[in-house]
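Take a look at the letters that make up each chain.
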Amino acid sequence: MTSDFYKRPLFLILVIYALCLALFLPVPKPKTEDASFFVKPFPQEIVLKVISYPSKRKTGLFFTAEVLSVAGKAVSGKSYVQCSLCQNLARGDELTAKGILEPVFSAENYGSFNWREYLARRHIFSQTEISKPITVKSGSLFWRALSKTRASMLKVFEDNLPADSAAVLSGVSIGEKGDMDKGLYSAFQDSGAIHLLVASGGNVGFVTLIIYFLCSLFFMGRYLPAAAALACALFYTLIAGADAPLIRAYIMTLCATCGLLLGRKSGVLQGFLTAAFIILLFNPQSVFDAGFQMSFLATLAIIYFVCNFNFVSRLPKTAAWAAGLFFVSLSAQLALVPVFANYFNRISFAAIISNIFLVPLSGVLMGGAFLLWPLHFLPFSFPFEFVLFIMKILLYVFNFLVEAFASTPLAGIEISAWNFGFIASYYSALFALFNFPLFKNKKLFLGLSLGLSFCFLLGGIFIKKDFSAVLEGRYSRALFVKEKNKIIVIGAGVEGKTIKAATLAAGSKSIDCLFIASAYKSAAYALKDLGGIKIKDIYVPAAPFSGESKKLIEASGARIRQAEPGGYYCGVKAEDPWYGSGRGKNAAQKGALSFSYGGYEFSASMKNYKKDGELFLYN
């Protein structure tokens, strides 16, 4: 790789295009003929076409479908479907069913996962609940064959392995996790191995290399083995779902293989650019997808390391192999730190070491999975039983290592979100690190890069955005405020995880002022689940606290301060208690507080509030 790479038109166009999409592309809205305009609170006859592989869970099958008609009227658009009693559905099938078409429900709280926006970015604006189809019309032979092959593999794993082992093997081989134990899934997250449960570029490369190697044993030359390897890799890409990481990986593999056959060394880089451009051209919303971002950032970091640093090759063969794995893992993890911080609020330094062991082992498991499936059809069982025995041992070792790495002090570290300045500063410095060997005038390059990084860092430190947001809970509301680097939370009756997510998303791990409206146990509900968030001051009304609410407040470790009506605390005014109704504000019982801040007036129950004089009632 040379510095001329950054002068290539495709690279420049891709960077400008991706930045424009990230800055200006809005969340899609449904068109007038979309199925979301035909939602009703009662069952309707709906005709659907399955456009994704159905995912099997305890509560039924889940899949994305194109809505063809509702109550006999032709419509368009996609819907996320749950079918509790569906069986043997295949991608491409067309089914007629009685079901409830409903809008996508999402609380849309600041910092929490926004399910409605997530689906909207995929042009899905409705959800459908059906029990079972009335009729099913089979789709094309092509998709039905792929679906049956996929379902057959999953059934072999499910019937012959413990539930968690089957889920892990399904995830490693074709990206289908199913209903995995929450504890084991968390261990994969904390160990930094969660990416191994998603069909990705490594899987495509593994299939390509294995098939190429096997075919080269029986055929002369390079062209026939390469063609067979690419054909099998395409089949795998389709059977595993053909999502962005797989498409990117296949295009890169195709370009790299063609470049190798033509004697060119730029195939991987060109493949990376081409794959990114094609995906963003056909689906611009992919730029907001965490999977897309992680896939491309990790791949680019690995390309940078492999192309720009050759010190590993000077080591002895075994040491070079181990060092190569370590630095490839390190490169990928460094590229993903801001993504982990902003999407998941967790990073794992254990991933740098864990992936050295788990990535090769996952390749062995994937190969075993594709060997186990055809052996199942043999008339004699010994080969299948032997491979199954080996696979059980390997899966036990794999899961043991995942849980061992997840239990280390460097795993699953909670981290608050980064603002744009910090992210830009980090990637500027990382760019300088990865590209340092390329430029002749290294001092000038390093100085400019680090200077730019420092400017972004200053922006991240000094440019702060104050805001306020109403958090919706199951039984009440809360007001979340960021003001002059302070975090203020008015109301603690919502779920603790909701307040925690908002605090981390605001770039903090502490709450400066938390206001509790009454002595009722439900008013301190959030304190049950705020682990990892430090509370400096808790303001309470002059009321006798007892029982669980008293224990929660005392266990918080915060300074407990009493608030009086008419007083100002952290910029928040405490008021005599009131409750809301359609007629406005009404006096409430003593021993509680209402609050006002920045145009907001919250009732003592923290259910209803007024914003600039307009009353909002809790549904």
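In this convention, every chain numbers its residues from 1, walking through the sequence in written order. Note on the predicted model: pLDDT of at least 70 is required for a residue's local features to be given, and 80 or more for side-chain atom pairs to be given and counted; whole-chain, interface and lining totals, by contrast, use all residues. Side-chain descriptors were evaluated using all non-hydrogen atoms of the structure, hydrogens and water having been removed beforehand.

Focus: the overall build of the chain
This is how the line gets drawn: Labels follow the DSSP assignment, with helices taken as runs of H or I lasting at least four residues and strands as runs of E lasting at least two, numbered in each case from the N terminus. Every radius of gyration here is taken over C-alpha atoms, with the globule rule written as 2.2 Å times N^0.38, N being the number of residues. Using a 1.4 Å probe on the protein chains alone, a residue whose accessible area is under 20% of its type maximum counts as buried, one over 50% counts as exposed, and one in between counts as partly exposed. Residue contacts follow a heavy-atom distance rule, with two residues in contact if any of their heavy atoms lie within 4.5 Å. Positive charges are assigned to Lys and Arg, negative charges to Asp and Glu, while His and the chain termini are left out of the count. Just so you know, the charge point we use is NZ for Lys, CZ for Arg, CG for Asp and CD for Glu.
Broken down by element type, the chain carries 17 helices and 23 strands. Relative to its length of 619 residues, the chain is compact, with a C-alpha radius of gyration of 28 Å against a globular reference of 25 Å. Principal axes of the C-alpha set define a box for the chain whose edges measure 90 × 70 × 50 Å. The burial tally for the chain puts 47% of its 619 residues in the buried class. Counted over contacts in the chain with a minimum sequence separation of 6, partners at least 24 positions apart contribute 64%. On the chain, the mean spot of the 60 positive side-chain charges and the mean spot of the 38 negative ones are 6 Å from each other.

Regarding the pattern of salt bridges
Quick reminder of the rule: Just to be clear on terms, a salt bridge is a Lys or Arg side-chain nitrogen sitting within 4 Å of an Asp or Glu carboxyl oxygen.
For the coordinates displayed, the defined rule picks out 17 salt bridges. The partner of Glu 176 in a salt bridge is Arg 150, and the shortest N-O contact between them spans 3.2 Å. Pair noted here: Glu 176 is in the loop between α4 (163-174) and α5 (182-191) and Arg 150 is in helix α3 (residues 141-160), with a separation of 26 residues, a long-range link. With a relative accessible area of 10%, Glu 176 lands in the buried category.

Concerning the pairing of strand β6 (residues 94-103)
Convention followed: The pairing criterion for strands is at least two bridges between them, as found by DSSP.
Where strand β1 (residues 44-50) lies against β6, 6 bridges are found, and the strand directions are antiparallel. Its bridge partner being in β6, Ile 46 is matched across the sheet by Ala 97. Note that β6 and strand β7 (residues 124-137) share 9 bridges and pair antiparallel. Its bridge partner lying in β7, Gly 99 is registered against Ile 130.

Re the state of the cysteines
Covalent bonding between the sulfur atoms of two cysteines is what defines a disulfide. The condition is simple: To count as a disulfide, a pair of cysteine sulfur atoms needs to be within 2.5 Å.
Taken as a whole and judged by the stated rule, the model has 2 disulfides. With a sulfur-sulfur separation of 1.9 Å, Cys 513 is cross-linked through a disulfide to Cys 570. Disulfide Cys 513-Cys 570: the torsion about the S-S bond is -60 degrees, which places it as left-handed. Taken together, the positions of Cys 513 in strand β13 (residues 510-515) and Cys 570 in the loop between β16 (568-569) and β17 (572-575) put the pair 57 residues apart, joining distant regions of the chain.

Describing the packing of aromatic side chains
We count it as follows: For this analysis, a ring pair means two rings from Phe, Tyr or Trp (six-membered ring only for Trp) whose centres lie within 6.5 Å, classed as stacked if their planes differ by under 30 degrees, edge-to-face if by over 60, and tilted for the remaining angles. Charge-over-ring contacts are defined here by two conditions on Lys NZ or Arg CZ: a distance within 6 Å of the ring centre and an angle within 35 degrees of the ring normal.
One pass over the structure, following the stated rule, counts 34 aromatic pairs. Measuring from centroid to centroid gives 6.1 Å for Phe 62 and Tyr 80, while their planes differ by 35 degrees, and the two rings are tilted. Here the residue Phe 62 occupies a position in strand β3 (residues 60-70), and Tyr 80 occupies one in strand β5 (residues 78-83), the gap between them amounting to 18 residues. Aromatic side chains Phe 292 and Phe 296 sit 4.4 Å apart centroid to centroid with 40 degrees between the ring planes, which places their arrangement in the tilted category. Placement of both Phe 292 and Phe 296 in helix α10 (residues 290-308) is noted, with a separation of 4 residues, approximately one turn of the helix. Phe 292 gets classed as buried once you look at its relative accessible area, which sits at 7%. Stacked on the ring of Tyr 600, the Lys or Arg Lys 611 has its end atom at 4.2 Å from the ring centre.

Points about the sheet that holds strand β20 (residues 594-597)
Within a beta sheet, neighbouring strands are joined by backbone hydrogen bonds and run either parallel or antiparallel to one another. Spatially, 6 strands are ordered β16-β17-β20-β21-β22-β23 in an open sheet, and the strand pairing comes out antiparallel. Where the open sheet ends on each side, the last strands, each with one partner, are β16 and β23 (614-616). Strand direction decides the pairing type here: β17 and β20, joined by 3 bridges, are antiparallel. Bridge pairing in β20 links Glu 575 to Ser 594.

Details of the packing of α4 against helix α13 (residues 382-406)
We count it as follows: All axes here are fitted lines through C-alpha atoms, helices being fitted over the stretch that makes contact, and every angle between N-to-C directions spans 0 to 180 degrees. Any angle between 65 and 115 degrees counts as roughly perpendicular, while under 35 counts as roughly parallel, over 145 as roughly antiparallel, and the rest as oblique. Lys, Arg, Asp and Glu make up the charged group, whereas Ala, Val, Leu, Ile, Met, Phe, Trp, Tyr, Cys and Pro make up the nonpolar group; the residues left over, Gly among them, are polar.
Put simply, α4 and α13 touch, their axes get as near as 10 Å, and they point 90 degrees apart. Classified by the interaxial angle, the pair formed by α4 and α13 is roughly perpendicular. Residue-level inspection shows Ser 165, Val 168, Leu 169 and Val 172 of α4 in contact with α13, the latter providing Met 391, Leu 395, Phe 398 and Asn 399. Here the contact of α4 with α13 is composed, by residue class, of 6 nonpolar, 2 polar and no charged.

What to know about the environment of Ser 362
Note that Ser 362 resides in helix α12 (residues 351-375). Since its relative accessible area comes to 9%, Ser 362 is described here as buried. Each C-alpha atom of the pair Ser 362 and Leu 394 lies 9.4 Å from the other, and the pair is 32 residues apart in sequence. Residues in contact with Ser 362, not counting those within four places in the same chain, are Val 172, Leu 196 and Phe 398.

What to know about the nonpolar core
Filter applied, for reference: Among the buried residues, those of types Ala, Val, Leu, Ile, Met, Phe, Trp, Tyr and Cys that are joined through side-chain atoms within 4.5 Å form a nonpolar core.
Core analysis: the largest hydrophobic core is formed by 51 residues, its most contacted members being Phe 157, Val 168, Leu 169, Phe 188, Tyr 236 and Phe 398. Looking at this core, the elements that each hand over two or more residues are α3, α4, α5, α6 (201-216), α7 (223-239), α8 (244-261), α12 and α13. Residue contributions to this core peak at 8 residues, all from α13. Every residue in contact with Phe 398, bar those within four places of it in the chain, is listed here: Val 168, Val 172, Phe 188, Leu 196, Leu 358, Leu 361, Ser 362 and Leu 365. Grouped together as the second largest cluster of nonpolar side chains are 34 residues, Ala 275, Ile 279, Val 287 and Ala 332 included.

Quick notes on the pairing of strand β14 (residues 534-540)
Condition: Look down the strands so they point away from you; if the path from the first strand over the helix to the second goes clockwise, the crossover is right-handed.
In terms of burial, β14 is a largely internal element, 5 of the 7 residues being buried. Inspection of the sheet shows β13 paired to β14 by 5 bridges, in the parallel sense. Residue Ile 511 lies in a different strand from β14, and its bridge partner there is Ile 535. As paired strands, β14 and strand β15 (residues 559-562) are joined by 4 bridges and run parallel to one another. What sits directly across from Ile 538, in β15, is Ile 560. A crossover links β14 with its parallel partner β15, the connecting element being helix α17 (residues 547-555), and its sense is right-handed.

Thoughts on the sheet that holds strand β11 (residues 477-483)
In space, the 6 strands of this open sheet follow the order β10-β11-β12-β13-β14-β15, with mixed pairing throughout. The open sheet has two edge strands, β10 (467-472) and β15, and neither has a second partner. Ignoring which end each strand starts from, the neighbouring axes of this sheet average 20 degrees apart.

Some points on unusual backbone geometry
Backbone geometry at Asn 485 places phi at a positive 70 degrees, although glycine is not the residue there. Note on placement: Asn 485 falls in the loop between β11 and β12 (486-490). Residue Asn 485 is classed as exposed on the basis of its relative accessible area, which comes to 52%. The residue Asp 612 is not glycine, and still its phi comes out positive at about 50 degrees. Along the chain, Asp 612 falls in the loop between β22 (609-611) and β23. Owing to a relative accessible area of 62%, Asp 612 belongs among the exposed residues under this scheme.

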